[in-house]
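Architecture and fold: a report
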Amino acid sequence: GQRTAALFAAALVLWVTEAVPIAVTALLAVVAQPLLGIAALPAALQSFMTPVFAFVLVMFVIAQAFSVSGLDRRFACWLLARAHGSPQRALWLLMIGTAAMSTVVSDVPCTAVFMAVALGMFERLGLRPGQSQYARAVMIGIPIASFIGGIGTPAGSSVNVLGLFFIEKFGQVRVPFLQWMAIGLPMVVILVPIAAAVLLWCYPPEMRRLDGLDYAGELAAMGPLRPREWKVIGIMTAMIALWIASTWYPAIDVVVVAVVGAAAMFLPGMDLFESWKEVERGTAWDTLLMIGGVTSVGAVSASSGLAKWL
C-alpha cells in the first residue's frame with residue numbers, strides 16, 4: 001500500500017508538471033508496478049487496456065466525423081446567427097452549444113471544435129490576443145462549458161465511463177444511463193448559465209456589438225444538410241436511443257454502442273472518411289495513453305488497499 005501511494009503521488013506530480021510527456025508518464029506508471037512489487041506486468045497491462053480505453057478511442061472517431069462532415073461548423077454558425085450581434089448572447093450561445101455537444105462527444109475534441117470557431121470570430125473582429133476581455137471570457141468559457149456538459153450523460157466524458165467502470169468493478173453497483181442523466185442533465189442546465197454570468201461579470205465585453213459578422217449569410221451559403229451530415233445525425237440519433245435503452249437492457253453497454261456507432265461510420269457507402277489515417281491525425285494518443293495509465297494505477301490502488309485507506 002505504501003509503495004502504491006508513492007507511485008500514485010509520483011505519477012500525479014509528473015502529470016501535473018509535465019516534467020516528461022503525459023504519455024511517457026502513463027507508460028512508466030505501468031512498468032513501475034512490477035519493479036516495485038505492487039502488481040505483475042500482465043495484471044498492470046490488463047488494467048491498462050480496459051473498455052474505457054476503447055471508449056476514448058472511438059469518441060475521437062465520432063468527433064472527427066462531426067468535423068469532416070461539416071456538421072460542427074453548421075451547428076456553430078446556426079448558434080452564432082442567433083446572437084444578432086450581441087457579444088453577451090454570443091458567449092451564452094457558444095457555451096450552451098459546447099455543453100450540448102459535450103453531453104454525447106468527449107470534452108477535448110468538443111472544446112477544439114468550438115475554440116476553432118471562436119478564433120475565427122476573433123480574427124474577423126480584429127481582437128488581439130492577451131488584450132481583449134471578451135476574447136478571454138470566450139476562451140475560458142468554452143472549456144468550462146465542455147467540462148460541465150460532459151457530466152450530462154455517461155457518454156459525455158471518458159471520466160464518466162472510468163468512474164462507472166470502477167463503481168461496477170469494485171463496488172458491484174451498476175448505474176443505469178437514464179439514472180445518470182436524471183442527475184447529470186439538471187446540473188448542466190443549472191451550471192452553464194451560472195458559469196456564463198460569472199465570466200461576463202469578471203470579463204465584461206469591451207464592445208457593444210459584434211460588427212462585421214454574418215453567420216446567417218454563411219449558414220445560408222452552406223445550403224441544406226448534405227448526405228454526409230444526415231448520415232452522422234442518423235448514427236448519433238441511433239446511438240443516443242441505444243444508450244438510453246441500456247437502462248433496461250444491460251447488455252447494450254455504453255462502450256459497446258460507441259464502438260458499433262464508430263464502426264458504422266466506416267461501412268461502404270458512408271463516405272465519411274477516406275482512410276483510417278484521417279482518423280489517426282485527429283486522435284490525441286497522449287490522452288489515450290494517460291487514460292490507460294490512470295486506469296491501471298486506479299486498479300492497483302484498489303487491490304493494494306490504498307483506495308480503502310484513502
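In this text, all values refer to a predicted model and were calculated from it rather than measured experimentally.

1. Section: the environment of Ser-296
By the secondary structure assignment, Ser-296 is in helix H15 (residues 285-304). Residues Ser-296 and Ala-29, 267 residues apart in the sequence, show an inter-C-alpha distance of 7.9 Å. Excluding residues that lie within four positions of it along the chain, Ser-296 makes contacts with Val-30, Gln-33, Ala-44, Ser-47 and Phe-48.

2. Side note on the nonpolar core
Counting 81 residues, the largest nonpolar core has Phe-114, Tyr-134 and Trp-243 as its most contacted members. Ranked by the residues each element gives to this core, the list is headed by helix H4 (residues 51-69), at 13 residues. In contact with Tyr-134, not counting residues within four places along its chain, are Pro-87, Ala-90, Leu-91, Met-121, Leu-127, Pro-205, Glu-206, Met-207 and Leu-210. Leu-7, Ala-32, Ile-38 and Val-300 belong to the second-largest nonpolar core, a separate cluster that totals 5 residues.

3. Let's talk about the pattern of salt bridges
Here the idea is simple: oppositely charged side chains can pair when their charged atoms come close. Across all of its chains, the model carries 5 salt bridges by this definition. Arg-73 is the partner of Glu-218 in a salt bridge, and the nearest nitrogen-oxygen pair spans 2.7 Å. Of this pair, Glu-218 sits in helix H11 (residues 215-222) while Arg-73 is found in helix H5 (residues 71-81), placing the two residues 145 residues apart along the sequence. Arg-124 is paired through a salt bridge with Glu-218; the nearest N and O atoms lie 3.0 Å apart. With Arg-124 in helix H7 (residues 107-125) and Glu-218 in helix H11, this pair connects stretches of sequence that are 94 residues apart. A network of salt bridges, in which partner residues are shared, links Arg-73, Arg-124 and Glu-218.

4. Focus: the packing of aromatic side chains
A full pass over the atoms with the stated rule returns 8 aromatic pairs. Their ring planes at 85° and their centres at 6.2 Å tell us that Phe-75 and Phe-114 sit as a pair that is edge-to-face. Here the residue Phe-75 occupies a position in helix H5, and Phe-114 occupies one in helix H7, the gap between them amounting to 39 residues. Measuring from centroid to centroid gives 6.0 Å for Phe-177 and Trp-243, while their planes differ by 10°, and the two rings are stacked. Linking Phe-177 in helix H10 (residues 177-202) with Trp-243 in helix H12 (residues 227-245), this pair joins segments that are 66 residues apart in sequence. Accessibility classification places Phe-177 together with Trp-243 in one group, the buried group. A connected cluster of aromatic rings, assembled from ring pairs, spans Phe-75, Trp-78 and Phe-114.

5. Focus: the side chain of Thr-50
Secondary-structure assignment places Thr-50 in the loop between helix H3 (41-48) and H4. With residues up to four places along the chain from it excluded, the contact list for Thr-50 reads Phe-165 and Thr-295.

6. Description of a nonpolar patch on the surface
A surface patch of nonpolar side chains, amounting to about 530 Å² of accessible area, comprises Ile-183, Met-187, Ile-190, Leu-191, Ile-194 and Val-198. Residue position: Ile-190 is located in helix H10.

7. Some points on helix H6 (residues 87-102)
The terminal C-alpha atoms of H6, which comprises 16 residues, lie 22 Å apart, in line with the 22 Å expected from a rise of 1.5 Å per residue. The complete set of buried residues in H6 reads Pro-87, Ala-90, Leu-91, Leu-93, Leu-94, Met-95, Gly-97, Thr-98, Ala-99, Met-101 and Ser-102. For H6, the secondary structure elements touched by its buried residues are H4, H5, H7, helix H8 (133-149) and H10.

8. A few points about the packing of H3 against H15
Two numbers describe how H3 lies on H15: the axes approach to 7 Å, and their chain directions differ by 125°. On the basis of the axis angle, H3 is oblique to H15. Of the two elements, H3 crosses H15, and the hand of that crossing is right-handed. Here Ala-44, Ser-47 and Phe-48 of H3 lie close against H15, whose contacting residues are Leu-289, Gly-292, Gly-293, Thr-295, Ser-296 and Ala-299. Looking at the contact of H3 with H15 residue by residue, the classes come out as 4 nonpolar, 5 polar and no charged.

What counts, and at which threshold
- Residues numbered from 1 in each chain as written.
- Predicted model: local features only at pLDDT ≥ 70, side-chain atom pairs only at ≥ 80, totals over all residues.
- Heavy atoms only, no water.
- Helix = DSSP H or I, 4+ residues; strand = E, 2+ residues; numbered from the N terminus.
- Contact = heavy atoms within 4.5 Å.
- Core = buried A, V, L, I, M, F, W, Y, C linked by side-chain atoms within 4.5 Å.
- Buried < 20%, exposed > 50% of the residue type's maximum accessible area, 1.4 Å probe, protein only.
- Salt bridge = Lys/Arg side-chain N within 4 Å of Asp/Glu carboxyl O.
- Phe/Tyr/Trp six-rings, centres within 6.5 Å; stacked < 30°, edge-to-face > 60°.
- Patch = residues over 30% accessible without salt bridge, like charges linked within 9 Å, V, L, I, M, F, W, Y side chains within 5 Å.
- Areas by Shrake-Rupley, 256 points an atom, 1.4 Å probe, with all protein chains shown as cover.
- Expected span 1.5 Å × (residues − 1).
- Axes fitted to C-alpha atoms, helices over the stretch in contact; angles between N-to-C directions.
- Parallel < 35°, antiparallel > 145°, perpendicular 65-115°, else oblique.
- Left-handed = near helix turned anticlockwise from the far one by under 90°.
- Nonpolar A, V, L, I, M, F, W, Y, C, P; charged D, E, K, R; others polar.

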